[in-house]
Amino acid sequence: QKEVEQNSGPLSVPEGAIASLNCTYSDRGSQSFFWYRQYSGKSPELIMFIYSNGDKEDGRFTAQLNKASQYVSLLIRDSQPSDSATYLCAVNKQGGSEKLVFGKGTKLTVNP
Amino acid sequence: GAVVSQHPSRVICKSGTSVKIECRSLDFQATTMFWYRQFPKQSLMLMATSNEGSKATYEQGVEKDKFLINHASLTLSTLTVTSAHPEDSSFYICSAGVSKNTIYFGEGSWLTVV
């Protein structure tokens, strides 16, 4: 089983819709979970992190964490064409370190 | 602005030569930095952990003699790809954490070996 798994997509949503991105992880010792956005040819940009069960909201973005199910998701409300990118889920390796393990990413396209 | 800076952003080198990539933390000190590699349409793969003042820790399968890492100060880590070959062509990215939950990536360095 891969350490971090994501549906590679592509995921296509119309402008203004909610985009839902999912991620599962295998290491129950993981403490923090991150969502990064990566535009083609560019470095990842941190969107947000979450470490407690439940929801965490930041603007149009909501991260959801369920440690019992080893599942983390990202919702993007009012999707914009500029949100079109690859979204990477990452978890801390070895508990609370800054070393991250990444999923393969989900490519999101928001159609005008 | 960027909190982690990489240089160069793009480099082309001849097969068999060495190339150095720098990673700097701006406005904060980083005792630990991380080097990742990303091939086209694939995810980031951790190569090694750069430790200030001590040897780097390499992930399984990464050749430490080929990818030399030096972390000589609290704001600078360098990755040197030695005896580069075309298969080393990739996007190399470093990261550093302001805190364990606030981890930033450099802009990345595209290496092309011809």
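Residues numbered from 1 in each chain as written. Chains lettered and ligands numbered in written order. Predicted model: local features only at pLDDT ≥ 70, side-chain atom pairs only at ≥ 80, totals over all residues. Heavy atoms only, no water.

Some remarks on the state of the cysteines
Here's step 1: According to the stated counting rule, one finds two disulfides over all chains in the structure shown.
Here's step 2: With a sulfur-sulfur separation of 2.0 Å, Cys23(A) is cross-linked through a disulfide to Cys89(A). Looking along the S-S bond of the Cys23(A)-Cys89(A) disulfide, the torsion reads about -70°, which is the left-handed sense. Here the residue Cys23(A) occupies a position in strand S3 (residues 19–25), and Cys89(A) occupies one in strand S9 (residues 85–92), the gap between them amounting to 66 residues. The burial state of Cys23(A) is the same as that of Cys89(A); both residues are buried.
Here's step 3: Left without a disulfide partner, Cys13(B) is nearest to the cysteine sulfur of Cys94(B), which lies 18 Å away. (Disulfide = S-S within 2.5 Å. Helix = DSSP H or I, 4+ residues; strand = E, 2+ residues; numbered from the N terminus. Buried < 20%, exposed > 50% of the residue type's maximum accessible area, 1.4 Å probe, protein only.)

Focus on the pattern of salt bridges
Here's step 1: All chains considered together, the criterion is met by seven salt bridges over all chains.
Here's step 2: A salt bridge links Glu57(A) to Arg77(A), with the shortest nitrogen-to-oxygen separation between them at 3.5 Å. Here Glu57(A), found in strand S6 (residues 54–58), pairs with Arg77(A), found in the loop between strand S8 (71–76) and S9; they are 20 residues apart in sequence, far enough to count as distant.
Here's step 3: Of the residues examined, Glu57(A) reaches a relative accessible area of 58% and is grouped as exposed.
Here's step 4: Glu59(B) is paired through a salt bridge with Lys99(A); the nearest N and O atoms lie 3.4 Å apart. Here the residue Glu59(B) occupies a position in the loop between strand S6 (57–58) and strand S7 (67–73), and Lys99(A) occupies one in the loop between S9 and strand S10 (100–102), the pair thus bridging two chains.
Here's step 5: You can call Glu59(B) buried: its relative accessible area is 18%.
Here's step 6: Residues participating in the shared-partner salt-bridge network are Arg37(A), Glu45(A), Arg60(A) and Asp83(A). (Salt bridge = Lys/Arg side-chain N within 4 Å of Asp/Glu carboxyl O.)

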